[in-house]
Amino acid sequence: MFFFTLAVVAQASSPQPSVTAPTNQPLTISWPTHIDISAGSAANFERFNHGSGSMLVTVKCDGSKSPMIPPTQDIDGDLRSALMKFLSEAKVTAGALCHDRTFVVQFEVPSGNMTETELPPPPR
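Reading the values: rules and limits
Residues numbered from 1 in each chain as written. Predicted model: local features only at pLDDT ≥ 70, side-chain atom pairs only at ≥ 80, totals over all residues. Heavy atoms only, no water. Helix = DSSP H or I, 4+ residues; strand = E, 2+ residues; numbered from the N terminus. Phe/Tyr/Trp six-rings, centres within 6.5 Å; stacked < 30°, edge-to-face > 60°. Buried < 20%, exposed > 50% of the residue type's maximum accessible area, 1.4 Å probe, protein only. Salt bridge = Lys/Arg side-chain N within 4 Å of Asp/Glu carboxyl O. Disulfide = S-S within 2.5 Å. Core = buried A, V, L, I, M, F, W, Y, C linked by side-chain atoms within 4.5 Å. Contact = heavy atoms within 4.5 Å.

Caption draft 1: Layout of unusual backbone geometry. Of the consecutive residues V109 and P110, the connecting peptide bond is found in the cis state with omega at 10°. Secondary-structure assignment places P110 in the loop between β7 (101–108) and β8 (114–118).

Listed below in structure tokens is the structure:
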């Protein structure tokens with residue numbers, strides 16, 4: 001697996017916010033568990049990388065999701081589209097105790113299985 005520094009990641013445009021009515025809960029996200037990866041995208045990915053890839057995603061209390069997808073050759077246009085569809089399908093519930101959250105989202109190739117790991121908030 002390759003790790004990318006923030007200096008080499010590009011921010012893609014955010015999918016439309018999908019936030020439900022506020023509650024007294026913190027920000028919660030319901031993530032899809034899978035993306036469809038075409039055979040061509042999987043073959044392209046495997047030329048440069050093996051097994052899994054990742055992107056960073058910041059989810060804000062207004063429901064917006066800001067992805068940072070590495071601008072590398074292993075992620076072609078079809079795979080990038082599948083990742084953006086994944087984000088558009090993630091459902092956000094913002095409560096009164098909301099704070100922005102950042103995740104490392106991993107995708108397995110060729111299965112398309114997705115996992116999300118929250119990063120700790122920056123120190124204040």
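Caption draft 2: Summary view of the packing of aromatic side chains. Scanning all chains against the criterion turns up three aromatic pairs. With centroids separated by 5.2 Å and ring planes inclined at 75°, the aromatic side chains of W31 and F103 adopt a geometry described as edge-to-face. Note that W31 is positioned in the loop between β3 (28–30) and α1 (39–48) and F103 in strand β7, a separation of 72 residues in sequence. Accessibility expressed as a relative area gives 15% for W31, which makes it buried.

Caption draft 3: Layout of the pattern of salt bridges. For the structure shown, the criterion picks out three salt bridges. The residue K60 makes a salt bridge to D100 at a minimum N-O spacing of 3.8 Å. Of this pair, K60 sits in the loop between β4 (52–59) and β5 (65–69) while D100 sits in the loop between β6 (91–93) and β7, and the two are 40 residues apart along the sequence. Judged by its relative accessible area of 33%, K60 is partly exposed. The exposure class of D100 is partly exposed, given its relative accessible area of 40%. Note that K85 and E89 form a salt bridge whose closest N and O atoms lie 3.5 Å from each other. Here K85 and its partner E89 are both found in helix α2 (residues 77–89), four residues apart, which amounts to about one turn of the helix.

Caption draft 4: Molecular detail of the state of the cysteines. Taken as a whole, this structure holds one disulfide when the rule is applied. One disulfide in the model links C61 with C98; its S-S distance is 1.9 Å. When the S-S torsion is -105°, as for the bridge of C61 with C98, the disulfide is left-handed. Taken together, the residues C61 in the loop between β4 and β5 and C98 in the loop between β6 and β7 connect sequence positions 37 residues apart.

Caption draft 5: Local environment of the nonpolar core. Of all hydrophobic cores here, the largest spans 27 residues; its most connected members are W31, I35 and F107. Secondary-structure elements contributing two or more residues to this core are α1, β4, α2 and β7. At six residues, α2 tops the list of elements feeding residues into this core. F107 has contacts with I35, F45, G51, S52, G53, S54, I75, L79, L83, N113 and M114, leaving out every residue within four places of it along the chain.

Caption draft 6: Layout of the environment of I35. Tracing the chain through its elements places I35 in the loop between β3 and α1. Taking the C-alpha atoms as reference points, I35 and P110, separated by 75 residues in sequence, lie 9.8 Å from one another. In contact with I35, not counting residues within four places along its chain, are L79, A82, L83, F86, F107, S111, G112 and M114.

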